[in-house]
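Residues per chain, in single letters:
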Amino acid sequence: ETLMFKSAKAKEFEQASRYKKQLFALKHIQDIALLKEEFKVLPKMRFEAFDVAHLAGSDSVGAMVALVDGELSHSDYRRFIIKQAGANRANDLASLKEILERRFNHEDWPKPNVLVIDGGMLQVNVAKKVLHNLQLNIRIVGVVKDEHHRPKNLIGDHMLTEKYSQQILLI
């Protein structure tokens, strides 16, 4: 993070962007790694977690991390470069919509039992609309974070959030 800010201050924006992408990926790997031990007790389930990041409105990327049967599935991790031609790339909702549509266009990828979305009701509603349009019945949980980007609340499927709240909050 320090290197990213130093690069940006020195107007080395390409380098700052690379640091931003690395930081983004590392944070999500760390978040999902915290789930590993907690989810070992779960029945066979596939969780996929999604988040969007950008550097001052540019270089938007999305990340998907997967947890399968309580184990991190590194081969299922995906990074999506936001394409939104002509759109404001800082639009997290449009970026999330694009990521989810692109993810579910891959019919050869296994479908998750649960989507974990980094965000509040707006993000959860975008995910619900995408799944509805694709006629997919997958449970969705949103992870609302505080000003320090730490999970503070869950929204979405009430039964799911009650049963797995401690594990989902670690994403």
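What you see is a predicted model, and the numbers here were worked out from it, not measured in a lab.

Peer 1: Hey, could you run me through the packing of aromatic side chains in this one?
Peer 2: For any pair of aromatic rings, the description consists of the separation of the ring centres together with the inter-plane angle of the planes. A full pass over the atoms with the stated rule returns zero aromatic pairs. Sitting over the ring of Trp 109, Arg 78 keeps its end group 4.6 Å from the ring centre.

Peer 1: Whenever I open this one, the environment of Ile 117 confuses me. Can you help?
Peer 2: Position of Ile 117 relative to the elements: it lies in strand 5 (residues 114-118). Placed 39 residues apart in sequence, Ile 117 and Gly 156 show a C-alpha to C-alpha distance of 9.8 Å. Residues within four places of Ile 117 in sequence aside, it is in contact with Phe 50, Leu 96, Leu 100, Gln 123, Ala 127, Ile 140, Val 141, Gly 142 and Val 143.

Peer 1: Is there a simple way to explain the side chain of Ser 73 in this structure?
Peer 2: With respect to the secondary-structure elements, Ser 73 resides in the loop between strand 3 (71-72) and strand 4 (78-81). Those residues in contact with Ser 73 that sit more than four places away from it in its chain are Ala 66 and Val 68.

About the cut-offs
Residues numbered from 1 in each chain as written. Predicted model: local features only at pLDDT ≥ 70, side-chain atom pairs only at ≥ 80, totals over all residues. Heavy atoms only, no water. Phe/Tyr/Trp six-rings, centres within 6.5 Å; stacked < 30°, edge-to-face > 60°. Lys NZ or Arg CZ within 6 Å of the ring centre and 35° of its normal. Helix = DSSP H or I, 4+ residues; strand = E, 2+ residues; numbered from the N terminus. Contact = heavy atoms within 4.5 Å.

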